[in-house]
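Structural overview
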There are 2 protein chains.
Amino acid sequence: MTRSQGVTRQSTLAHRTRREPPAGEPSRNARILERAGYVDKLMAGVYSFLPLGLRVLRNIEDIVRDEMTAVGGNEVLMPALHPIAAWEATGRQDMPILFRTGGDTAVLGPTHEEVVTPLMAAQVASYKDLPTAVFQIQNKFRDEARPKSGLLRGREFGMKDMYSFHLSGADLETYYEQVADAYRRVFARCGLGEVTHYTYASGGDFCEFSHEFQAVTPHGEDTVYLDHGKGTAINKEILDRYTPEEIAELEPVRAIEVGNIFKLGTRFADAVGFRLPDATGVPQRIHMGCYGIGTTRLVGAIAEILSTDDAMVWPAGVAPYAVHVIPLSAQQHQRAEEVAAALHRRGHTVLLDDRPARAGAKLADADLIGIPHRAVVGARTEEGRVEHSDRLADVTRTVPVAELAQLVTAV
Amino acid sequence: MTRSQGVTRQSTLAHRTRREPPAGEPSRNARILERAGYVDKLMAGVYSFLPLGLRVLRNIEDIVRDEMTAVGGNEVLMPALHPIAAWEATGRQDMPILFRTGGDTAVLGPTHEEVVTPLMAAQVASYKDLPTAVFQIQNKFRDEARPKSGLLRGREFGMKDMYSFHLSGADLETYYEQVADAYRRVFARCGLGEVTHYTYASGGDFCEFSHEFQAVTPHGEDTVYLDHGKGTAINKEILDRYTPEEIAELEPVRAIEVGNIFKLGTRFADAVGFRLPDATGVPQRIHMGCYGIGTTRLVGAIAEILSTDDAMVWPAGVAPYAVHVIPLSAQQHQRAEEVAAALHRRGHTVLLDDRPARAGAKLADADLIGIPHRAVVGARTEEGRVEHSDRLADVTRTVPVAELAQLVTAV
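A brief look at the structure comes next. (Residues numbered from 1 in each chain as written. Chains lettered and ligands numbered in written order. Predicted model: local features only at pLDDT ≥ 70, side-chain atom pairs only at ≥ 80, totals over all residues. Heavy atoms only, no water.)

**Describing the relation of the copies chain A and chain B**
With an axial shift of 0.0 Å and an RMSD of 0.0 Å, the rotation relating chain A to chain B amounts to 180 degrees. The relationship between the two copies is best expressed as a two-fold rotation axis. Across chain A, the rotation axis passes nearest the C-alpha of Thr101 of chain A, at a separation of 2.5 Å. A high fraction, 100%, of the interface residues of chain A reappear at the interface in chain B, so the copies pair face to face through one surface. (Least-squares fit on C-alpha atoms with pLDDT ≥ 70 in both. Contact = heavy atoms within 4.5 Å.)

**Notes on the pairing of strand β2 (residues 39-43) of chain B**
Residues and elements named next belong to chain B. In the sheet, β2 pairs with strand β3 (residues 46-49) via four bridges, with the strands oriented antiparallel. The partner of Val39 across the bridge, within β3, is Phe49. Here β2 folds back onto β3, and the loop between the two strands holds two residues, one of which, Gly45, carries a positive phi near 75 degrees. (Pairing = 2+ DSSP bridges. Helix = DSSP H or I, 4+ residues; strand = E, 2+ residues; numbered from the N terminus.)

**Regarding the sheet that holds strand β22 (residues 395-400) of chain B**
Residues and elements named next belong to chain B. Read from one edge to the other, the open sheet built from six strands follows the order β1-β19-β18-β20-β21-β22, with strand pairing classed as mixed. Looking along the sheet, the strands with just one partner apiece sit at the ends: β1 (7-9) and β22. Taken pair by pair, the neighbouring strands of this sheet meet at an average axis angle of 25 degrees, ignoring direction. Relative to strand β18 (residues 323-327), helix α9 (residues 333-345) is tilted by about 165 degrees, and along the sheet it contacts β1, β18, β19 (350-352), β20 (373-377) and β21 (385-390). (Axes fitted to C-alpha atoms, helices over the stretch in contact; angles between N-to-C directions.)

**Thoughts on helix α2 (residues 51-70) of chain A**
What sets the pattern is the α-helix's 3.6 residues per turn: residues three or four places apart point alike. Its 20 residues give α2 of chain A an end-to-end C-alpha distance of 28 Å, which sits within 8% of 28 Å, the value for a rise of 1.5 Å per residue. Looking one or two residues beyond α2 of chain A, the residue adopting positive phi is Gly72 of chain A, at roughly 85 degrees. (Expected span 1.5 Å × (residues − 1).)

**Some points on helix α4 (residues 113-123) of chain A**
A large share of α4 of chain A lies buried, amounting to eight of its eleven residues. What α4 of chain A keeps buried is the set Glu113, Glu114, Val115, Val116, Thr117, Leu119, Met120 and Gln123 of chain A. (Buried < 20%, exposed > 50% of the residue type's maximum accessible area, 1.4 Å probe, protein only.)

**Here we look at the state of the cysteines**
Residue and element names in this part refer to chain A. Tallied over the entire structure, the rule returns zero disulfides over all chains. Looking at Cys290, it has no disulfide partner, and the nearest cysteine sulfur is the one in Cys207, 9.0 Å off. Judged by relative accessible area, Cys290 falls into the buried class, the value being 14%. (Disulfide = S-S within 2.5 Å.)

**Brief notes about unusual backbone geometry**
Residues and elements named next belong to chain A. Looking along the chain, the bond that leaves Leu130 and enters Pro131 is cis, with omega of 0 degrees. Structurally, the position occupied by Pro131 is in the loop between α4 and β8 (132-141). The phi dihedral of Asp394 is positive, around 60 degrees, even though this residue is not glycine. Tracing the chain through its elements places Asp394 in the loop between β21 (385-390) and β22 (395-400).

**Some points on the packing of α2 of chain A against helix α8 (residues 295-305) of chain A**
All names here are of chain A. Following both chains from N to C, one finds α2 and α8 inclined at 115 degrees, their axes separated by 9 Å at the closest point. When the interaxial angle is binned, α2 and α8 end up roughly perpendicular. Handedness of the α2/α8 crossing: right-handed. Two secondary-structure elements touch here, α2 through Val56, Leu57, Ile60 and Glu61 and α8 through Thr295, Thr296, Leu298, Val299 and Ile302. Of the residues that constitute the contact of α2 with α8, the class distribution is six nonpolar, two polar and one charged. (Parallel < 35°, antiparallel > 145°, perpendicular 65-115°, else oblique. Left-handed = near helix turned anticlockwise from the far one by under 90°. Nonpolar A, V, L, I, M, F, W, Y, C, P; charged D, E, K, R; others polar.)

**Observations regarding the environment of Gln214 of chain B**
Residue and element names in this part refer to chain B. By the element assignment, Gln214 lies in strand β11 (residues 209-216). By relative accessible area, Gln214 is classed as buried at 0%. Polar side-chain contacts of Gln214 include one of 2.7 Å to the side chain of Glu212. (Polar contact = N/O pair within 3.5 Å; in protein donor to acceptor, adjacent residues only side chain to side chain.)

**Digging into the pattern of salt bridges**
Within the structure shown, the criterion is met by 56 salt bridges over all chains. The salt bridge involving Asp161 of chain A is made with Lys140 of chain A; its shortest N-O contact spans 3.0 Å. Separated by 21 residues along the polypeptide, Asp161 of chain A in strand β9 (residues 156-166) and Lys140 of chain A in strand β8 bring together distant segments of the chain. For Lys140 of chain A, a relative accessible area of 0% corresponds to the buried category. Put simply, Arg355 of chain B and Asp353 of chain B hold a salt bridge, and the shortest N to O gap is 2.8 Å. Judged by relative accessible area, which is 0%, Asp353 of chain B ranks as buried. Three or more residues joined by partner-sharing salt bridges are found here, namely Arg58 and Glu61 of chain A together with Asp62, Arg65 and Glu75 of chain B. (Salt bridge = Lys/Arg side-chain N within 4 Å of Asp/Glu carboxyl O.)

Don't take any of this as a statement about function, it's just geometry.
Following this line, the structure appears as structure tokens:
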């Protein structure tokens, strides 16, 4: 256990792969992520993130943070433990998914409108401070009856939730569209841009429509209806608003919900008496939007969509490392160290498989781990060269070490 | 709400200071942190972190992460929600501070021996993988009866907890001393190096001594006895192991516990049957160490120790920004923007007070906010110069803008 030189040596990582997926696990994402040593299941819907899984999660969080900051979001961090009184104030204290604790004096937050609304009522001094938005990346708790979708439906899960505050519904509309664009950038950077569809869903009691971002995959939990003409989709819960002729034009597909955005109107601000006098001194109601992305769910969704039974390939933006450097035997260790050091000097993150394992076992593990670039040094690899695989492009060729760093897209 | 240019404009921050500390709040750290707009109290012992407070917390987390990685710690992330069965396995299911939930099927983790031990038993394939250590930075839950010390004793609080695994007690001893040194570096980088003392405490059922890191302050919750000769301290719980003559040599002082380290021996590994065959095939018991730092408590401890009633000064390593740039009136806004941009180009983080507020209000807020370097631009400040205050050194002088960036210690 010595100071890392920027290159992670696989022998020092608290990590192992498994020959088989966990017994009795129906979820595709959980099977591959547990087998590859990214996560460990503690109980149904509750996972530990191991070192590689945590690196993927942090990369996703950084992308989300970057895009929320770009639309003016202020990052904050609210607690998971909420006084029950906050939920009584909005009348949502009997939601069945609420975990109660502390002798029923507290609940574990499944969402944060009950906390963020009074918080911002205290922080916002004047109508001139609006519009404003705050977001957090924090663990949520929902007592799901039968969580069986791996990281897609957790009882404890990571989420980015943003809340915006406006003096009018029109101002909320404008901001809502900005956030929708930011969400498109998030999913594109996470490698799901092409499969993710902006989907009209029910607005419930709050508004006509809410919107989901649905990533199409044969194993998705949801069914959505693609409208190829408009480039959008429709959630089945609002299908009854369409005529049979319209519905006949739509393509039903399975999908995973990776984000959702919602106009809350004045419901929560009204519940806690949050109003602000405008320039003329007349108290104005406050309109809110809320914007969610399940960060741990996104780890699961990417794994679900971009894996086979025995292999994963992470998109460059979320991969735990940019390059996996693999000497096929102990004789190539020194050369592999030099390759890793050269990549590191060029700013790439590197996992070096320095374990005293057989070549076949190392390569099978590398397939499971799914780092997008692989640099193999074998006995037959000429001095000064490596066998480079771009696993997303599925291209392998032998290149000079000096060229390798340029072939690897910087993460 | 537009993309941040790297300089944070105070007008865009979800932040306000208060004229008065919160009514009825006895805790010194909570009074200053709430008044300065760093945190907001949701319920007793449960706080939200506002943008400035979260930046301080993240800086502390980064320091802790850096030093734990430097002693070979692997970062992981375990859940807060634990099955009650895990606590029954170690016989600790009746600890009074446990929050129970999910109809008594689960508890909220006050610590993670119950989770990390079986997790590592599954991850560690061979005795050759030891020693190893994993750590996380994650929220803990403890149902304290009367939390009244602000961020020093929370019911939900951020903590770094590391766990190490060894084949012998001697190997644990060696690593334990390495971690103790890493802890000294953490507290030095957080600005508490000089006041923090390595303190012998009871080892409970586990070992002869555990060790606390106690930061001396007149308002501390604990009493410790400084041994000036040895440069260490003694917790009062082990005072009875010393003779009256020895005790007379010690100086009793008040202090805040900012970290603790503990040799757990084989207690937890034995409870879950975690053993490993050694090179000769003989199963060996596994020795564990655990190492805690309360990250949110450290925010509170620094504020408690480095504040007066109306002002704070954050140490450079944890300050939310390196420089606070303050134009005294609207006429100086453009010049202040240029100063901020120049500092930013030199790699410094900058908070720019662009609010249309009175000069006196801005300066009083800046005292509360406590950024260690201040650059004021007033009507009487000559063109091309700023009034620079190094608030830790308590030195103010007018300097050319070009020199300012060099005066500011890089964070």
